[in-house]
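Structural description and commentary
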Amino acid sequence: GIQVEQSPPDLILQEGANSTLRCNFSDSVNNLQWFHQNPWGQLINLFYIPSGTKQNGRLSATTVATERYSLLYISSSQTTDSGVYFCAGRRDSTLGRLYFGRGTQLTVWP
Amino acid sequence: GAVVSQHPSRVICKSGTSVKIECRSLDFQATTMFWYRQFPKQSLMLMATSNEGSKATYEQGVEKDKFLINHASLTLSTLTVTSAHPEDSSFYICSARDYRVETQYFGPGTRLLVL
């Protein structure tokens, strides 16, 4: 299977700070997603980003497919950003499974 | 975005009983649904992939006779934990793949506690 490494494993920020989360893949993927798992366990789709850059409000993501990594940027963090951020990739575009990283636990203090 | 519901959200049962968890895609058809298990402070572990109208594909180490999966329609998949034991206590999450946009959407999860 595909190995997915996420860094850092834990991140503690004060409100207003910016952060960058990274995701490295051991093999090429052509489907990559970022999720936020809130304190109640719900996974929320943030980005579907197999390549390129996307922005959604204070969040943006960049995937460099040729180098097998993706970055998630959080600007002006808020306490509601706290939770676990997962990246996951899939090798093919048909019925392949998603391979998850171990996540980055983000805690934002007021 | 697409919505996936899961029911029940939490269940407490006695050891030896069976528990059924439902997963529904509410506004799209899902030919493929996935069942995950998550332990505290760990990542999601894929248990099985189910395709509508066919048998589920289980990951290595997952007992198919213990975790029965049925994907009877394009909007409903069920996971039945048979003869549950305390070690089956976990957070179970389903997801459904919207093939139109190649994105997986996740249900809110079911917390199972077996006493």
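Here the structure is shown first, and the text comes after it.
A brief report on the enclosed structure follows. (Residues numbered from 1 in each chain as written. Chains lettered and ligands numbered in written order. Predicted model: local features only at pLDDT ≥ 70, side-chain atom pairs only at ≥ 80, totals over all residues. Heavy atoms only, no water.)

A word on the layout of surface pockets
The volume enclosed by the largest pocket comes to roughly 610 Å³. In this structure, the largest pocket is lined by 26 residues; those nearest its centre are Val84 and Gln105 of chain A together with Pro40, Lys41 and Gln42 of chain B. For the lining of the largest pocket, the secondary structure elements donating two or more residues are strand E1 (4-7), strand E9 (83-90) and strand E11 (104-109) of chain A together with strand E9 (90-98) of chain B. Looking at the second largest pocket, its volume works out to about 270 Å³. Lining the second largest pocket are 13 residues, with Ile2, Gln3, Arg97, Tyr99 and Phe100 of chain A sitting closest to its centre. Counting only elements with at least two residues in the lining of the second largest pocket, the list comes to E1 and strand E10 (99-100) of chain A together with strand E5 (44-51) of chain B. In terms of residue count, the dominant contributor to the lining of the second largest pocket is E5 of chain B (three residues). For the lining of the second largest pocket, the residue count by class is eight nonpolar, three polar and two charged. (1 Å grid on protein atoms, 1.4 Å probe; cavity = no way out; pocket = protein on both sides within 12 Å on 5 of 7 lines; lining within 4 Å. Points joined across faces, edges and corners; volume = space filled by probe spheres on them. Helix = DSSP H or I, 4+ residues; strand = E, 2+ residues; numbered from the N terminus. Nonpolar A, V, L, I, M, F, W, Y, C, P; charged D, E, K, R; others polar.)

Some points on the side chain of His36 of chain A
All names here are of chain A. Secondary-structure assignment places His36 in strand E4 (residues 31-37). Relative accessible area serves as the criterion here: at 9%, His36 is assigned to the buried category. At a separation of 3.5 Å, a polar atom in the side chain of His36 contacts the main-chain carbonyl oxygen of Asp81. Dropping the residues within four chain positions of it, His36 is found in contact with Gln42, Leu43, Ile44, Leu46, Thr80, Asp81, Ser82, Gly83, Val84 and Tyr85. (Buried < 20%, exposed > 50% of the residue type's maximum accessible area, 1.4 Å probe, protein only. Polar contact = N/O pair within 3.5 Å; in protein donor to acceptor, adjacent residues only side chain to side chain. Contact = heavy atoms within 4.5 Å.)

As for the sheet that holds strand E8 (residues 69-74) of chain A
Two pairing modes exist for strands in a sheet, parallel and antiparallel, and in both the strands are linked by backbone hydrogen bonds. Residues and elements named next belong to chain A. The strand order across the open sheet built from five strands is E1-E3-E8-E7-E6, with neighbouring strands paired in antiparallel fashion. In this open sheet, the two edge strands, each paired with only one partner strand, are E1 and strand E6 (52-56). Direction aside, neighbouring strands of the sheet carry axes that sit 15 degrees apart on average. Of the strand pairs in this sheet, strand E7 (residues 59-64) and E8 are connected by six bridges, and their pairing is antiparallel. Within E8, the position partnered with Ala61 by the bridge is Leu72. (Pairing = 2+ DSSP bridges. Axes fitted to C-alpha atoms, helices over the stretch in contact; angles between N-to-C directions.)

Thoughts on the state of the cysteines
Under the criterion given, the structure shown has two disulfides over all chains. The disulfide bridge from Cys23 of chain A ends at Cys87 of chain A, spanning 1.8 Å between sulfur atoms. Looking down the S-S bond of the Cys23 of chain A and Cys87 of chain A bridge, the torsion is 75 degrees, so its handedness is right-handed. Note that Cys23 of chain A is positioned in strand E3 (residues 19-25) and Cys87 of chain A in strand E9, a separation of 64 residues in sequence. Cys87 of chain A carries the same exposure label as Cys23 of chain A, and that label is buried. Residue pairing for Cys23 of chain B: its cysteine sulfur links by disulfide to Cys94 of chain B, the two sulfurs lying 2.0 Å apart. One disulfide, between Cys23 of chain B and Cys94 of chain B, carries an S-S torsion of 80 degrees and so falls in the right-handed class. Of the two residues, Cys23 of chain B is situated in strand E3 (residues 19-25) and Cys94 of chain B in strand E9; the sequence distance between them amounts to 71 residues. When sorted by exposure, Cys23 of chain B lands in the same class as Cys94 of chain B, which is buried. Cys13 of chain B carries a free sulfur, and the closest cysteine sulfur to it, the one in Cys94 of chain B, is 18 Å from it. (Disulfide = S-S within 2.5 Å.)

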